[in-house]
Amino acid sequence: MLRYCVIGAGHGGLAMAGHLGVMGFPVSLWARNPQTLEPIEAVGGVFLEGEVEGFGPVQVAYSLEAALEGADAVLVVLPASAHREIAMRSAPYLRDGQRILLLPGRTAGAIEFRHALREAGCTADVIVGEAQTFLYASRKTGPFQARIHGIKRQVPAAALPASRTGELLEAIKPAFPQFMPARWVWKTSLDNVGAIFHPGVALLNAGRIESTGGAFRHYVDGITPSVAALLEQLDRERVAVARALGVGALTAREWLAEAYGVERPTLYEAIQATRAYADVGAPAQLHHRYIWEDVPTGLVPIASLGAACGVSTPVADALIQIANGIFGVDFRAMGRTVERLGMAGWGPARITQYALEGDVVDVA
């Protein structure tokens with residue numbers, strides 16, 4: 001039987017590890033904070049409620065080396081801002097044949113992870129891939145409990161290079177048949193609707209988050225008609241960047257139809273009709289992954305790729321600047337720009353070739 005390793009014990013990692021355990025798969029769980037693991041170890045696993053009910057046995061690991069040992073598939077369920085750190089820390093312990101899936105990769109996650117492994121001197125023949133989004137809408141409800149609000153019908157995933165996607169999914173689909181092959185990582189990266197649904201909503205509701213401690217629903221209450229109108233403009237920028245790289249990206253409304261079966265004439269109506277979003281709460285504070293993850297690993301790479309391909313992204317640029325102003329930091333400097341991904345000076349042809357072949361030749 002395939003053995004799985006889940007890296008991350010937050011909302012998503014706890015739900016995924018527990019679900020694997022419920023299904024009977026051997027699974028190890030590692031988290032950056034060891035104290036997070038202690039109550040899970042004490043009860044021997046994770047209790048799930050919602051779309052999946054039951055108790056899933058989970059083997060806790062207090063070191064990355066122990067967590068990765070014997071794992072066929074490594075499921076990284078952490079904010080995308082941690083991908084580089086995890087790549088550098090896991091590099092010495094990876095072995096030939098292991099498959100690594102970033103859940104999700106956000107934008108250019110597999111490219112950043114693979115680039116970091118090379119920088120760390122990893123020589124193991126591992127397959128690195130990314131999912132376009134996370135499989136569940138889930139929340140951690142206790143130290144060893146999670147609720148799965150909804151499970152997506154299908155989630156595209158791709159490996160870097162694209163020729164290895166089939167090998168990647170051989171180790172994933174036995175447990176999660178919802179994962180479907182995407183053409184390449186630019187498809188999964190530029191269908192990143194988290195960049196549309198998370199940072200803009202949090203930034204435009206900054207006062208409400210601070211004054212109420214997040215006592216409202218992120219999607220249902222935070223996305224009003226006017227907020228949705230701006231999100232649709234941002235979404236058009238993302239789709240235009242994708243088109244410049246030869247990617248037929250889904251619009252946010254098309255994505256909701258594919259992921260949750262919800263079809264409505266406007267983005268506002270579609271979000272309001274998505275059952276999995278009905279009870280998802282807003283962040284309790286602004287220092288949240290909806291900004292600290294989705295700005296540097298969503299908005300920044302979309303804007304940077306746009307600049308490399310000659311596509312204007314004024315709404316993305318404005319939201320990045322608003323985030324910079326609120327927090328007094330430079331999200332571009334810490335984010336996934338083409339320079340930080342090792343693609344400085346590359347044109348669209350070279351950027352697309354790398355995703356397909358894992359290497360580049362001297363093309364324009």
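Scroll up for the structure.
Residues numbered from 1 in each chain as written. Predicted model: local features only at pLDDT ≥ 70, side-chain atom pairs only at ≥ 80, totals over all residues. Heavy atoms only, no water.

Concerning the sheet that holds strand β7 (residues 99–102)
Adjacent strands of a sheet pair through backbone hydrogen bonds, lying either parallel or antiparallel. Which entries qualify depends on this criterion: In this description, strands pair whenever DSSP reports at least two bridges between them. The helix count covers DSSP runs of H or I at least four residues long, the strand count covers runs of E at least two residues long, and both are numbered beginning at the N terminus. The contact definition used throughout considers only heavy atoms, calling two residues in contact when any of these lie within 4.5 Å. For every element, the axis is a line fit to its C-alpha atoms; helices are fit only across the contacting stretch, and the angle between N-to-C directions ranges from 0 to 180 degrees.
Pairing within the open sheet is mixed, and its 8 strands lie in the order β5-β2-β1-β6-β7-β8-β11-β12. Among the strands making up the open sheet, the edge pair consists of β5 (59–60) and β12 (179–181). By the bridge criterion, 4 bridges tie β7 to strand β8 (residues 127–131) in an arrangement that is parallel. Pairing of L101 across the sheet is with G129, part of β8. The strands touched by helix α5 (residues 109–119) are β7, β8 and β11 (155–160); relative to β8, the strand with the most contacts, the crossing angle is about 155 degrees.

With respect to the sheet that holds strand β3 (residues 45–50)
Reading across from one edge, β4-β3-β10-β9 is the order of the 4 strands in this open sheet, with mixed pairing throughout. Each of the sheet's edge strands pairs with one partner strand only, and the pair in question is β4 (54–57) and β9 (136–142). Here the average twist between neighbouring strands, direction ignored, is 30 degrees. In the sheet, β9 pairs with strand β10 (residues 145–151) via 6 bridges, with the strands oriented antiparallel.

So, the nonpolar core
A general feature of soluble globular proteins is that nonpolar side chains tend to end up buried together. Convention followed: Here, nonpolar core means buried Ala, Val, Leu, Ile, Met, Phe, Trp, Tyr and Cys residues that are tied together by side-chain atoms lying within 4.5 Å of each other. Buried residues are those whose accessible area, probed at 1.4 Å on protein chains only, stays under 20% of the maximum for their type, while exposed residues exceed 50% and partly exposed ones sit between those limits.
Counting 97 residues, the largest nonpolar core has I7, W186 and F197 as the members making the most contacts within it. Those residues in contact with F197, other than ones at most four positions away along the chain, are H218, Y219, A252, W255, L256, L267, I271 and Y277. In this structure, M16, V58, A73 and I127 belong to the second largest nonpolar core, which totals 42 residues.

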